[in-house]
Amino acid sequence: MSIGSVLDLLRPDFPDITISKIRFLESEGLISPERTPSGYRRFHVADVERLRFVLTAQRDQYLPLKVIKEQLEAIDSGAATLGVREARARANAVGGVVPDSTDAVAANGNARLRRLGVVPGEVSPEELRFDHEIRITRADLLEQAGIDEKFLTELIRANLITPGAAGYFDGDAVTLARTARALSEFGLEARHLRAFKLAADREAAMVAQIAAPIAKSRDADARARAEETVRELAALSLTLHTCLVKTSVRASLGG
């Protein structure tokens, strides 16, 4: 099944799940979906159940990913079947809160990496990790987003979605197309969404201006630190944007 189908299965229990979140869990080694010859992910029932296990442990027991991964490895090897409570007790027994993957890297000597800044809100920097591998064909995009050729053409003409040089799309294009389709049910056409694109471009330019000097530095991990900074600033920007929209809508409704 596609990553979009996985979202549909998980969202009733985990409304905040996103494609970026699934990609992040894959990058951390908690899931390993099959890859098709064209490069995109193919999930099986076992992958969905593994995701459900991880998300439940995070939501209900606040377990760090390192502990969840250890628990999954124990289950995979058949050595043990640990419940989330037992795993958390094990973490506390070895010194309190176990560091997540970012802290673990820093502890191994890479002092440049740090925990990304985040405030309580809508978006985490980890959800903004770049996926340079995923390539979605036009036909797959239409199927996964549930739109027709005419609607996709309108989105492209409005510069809301841009295919790559080889004609492929990324995973964000699917999310954007689905969102645009949902907005169209309220009478908003692609041309109406240009205002969102212009605002996003302005925010992106401001973020890039801050991160550019980091990327141009001569040390070996300059690009990684620049991407980290971009994710952090973008997440904070999106959270701020969400709060401002909520405030403005509340005021317009007299709340």
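Here the structure is a predicted model, which is why all the values come from computation and not from measurement.

**A word on the overall build of the protein chain**
Reasoning step 1: When its secondary structure is counted, the protein chain shows 11 helices and 2 strands.
Reasoning step 2: Every one of the 255 residues in the protein chain was classed for burial, and the buried ones make up 33%.
Reasoning step 3: For the protein chain, contacts bridging at least 24 residues in sequence account for 60% of all contacts bridging at least 6.

**Here's the deal with the pattern of salt bridges**
Reasoning step 1: Applying the stated criterion to the full structure yields 9 salt bridges.
Reasoning step 2: Residue Glu49 pairs with Arg52 through a salt bridge whose shortest N-O separation is 3.9 Å. Placement of both Glu49 and Arg52 in helix α3 (residues 45-61) is noted, with a separation of 3 residues, approximately one turn of the helix.
Reasoning step 3: Taking relative accessible area as the criterion, Glu49 reaches 44% and is therefore assigned partly exposed.
Reasoning step 4: With a shortest N-O distance of 2.6 Å, Glu149 and Arg138 are connected by a salt bridge. You can see Glu149 sitting in helix α8 (residues 149-157) and its partner Arg138 sitting in helix α7 (residues 138-145), a full 11 residues away along the chain.

**Observations regarding helix α9 (residues 171-184)**
Reasoning step 1: Its 14 residues give α9 an end-to-end C-alpha distance of 20 Å, which sits within 8% of 20 Å, the value for a rise of 1.5 Å per residue.
Reasoning step 2: Restricting attention to buried positions, one finds in α9 the residues Gly171, Ala173, Val174, Ala177, Arg178 and Ala180.
Reasoning step 3: Those residues of α9 hidden inside the fold are in contact with α1 (3-10), α2 (19-27), α7 and α8.

**Here we look at the confidence of the model for the protein chain**
Reasoning step 1: Predicted confidence across the protein chain gives a mean pLDDT of 78, with 78% of residues reaching 70 or more.
Reasoning step 2: Here helix α6 (residues 101-107) is the element of the protein chain with the lowest mean pLDDT, 37, and α8 is the one with the highest, 95.
Reasoning step 3: Counting contacts from residues 80-121, a segment whose pLDDT is below 50, to residues more than four positions away or on other chains yields 60 contacts.

**Focus on the side chain of Asp47**
Reasoning step 1: Its location among the elements puts Asp47 in helix α3.
Reasoning step 2: Here Asp47 is buried and forms no salt bridge, its nearest opposite-charge partner Arg50 lying at an N-O distance of 6.5 Å.
Reasoning step 3: Of the polar contacts made by the side chain of Asp47, one reaches the backbone nitrogen of His44; its length is 2.9 Å.
Reasoning step 4: Those residues in contact with Asp47 that sit more than four places away from it in its chain are Ile31, Ser32, Pro33 and Arg42.

Rules behind the numbers
Residues numbered from 1 in each chain as written. Predicted model: local features only at pLDDT ≥ 70, side-chain atom pairs only at ≥ 80, totals over all residues. Heavy atoms only, no water. Helix = DSSP H or I, 4+ residues; strand = E, 2+ residues; numbered from the N terminus. Buried < 20%, exposed > 50% of the residue type's maximum accessible area, 1.4 Å probe, protein only. Contact = heavy atoms within 4.5 Å. Salt bridge = Lys/Arg side-chain N within 4 Å of Asp/Glu carboxyl O. Expected span 1.5 Å × (residues − 1). pLDDT = per-residue confidence, 0-100. Lys, Arg positive; Asp, Glu negative; His and termini not counted. Polar contact = N/O pair within 3.5 Å; in protein donor to acceptor, adjacent residues only side chain to side chain.

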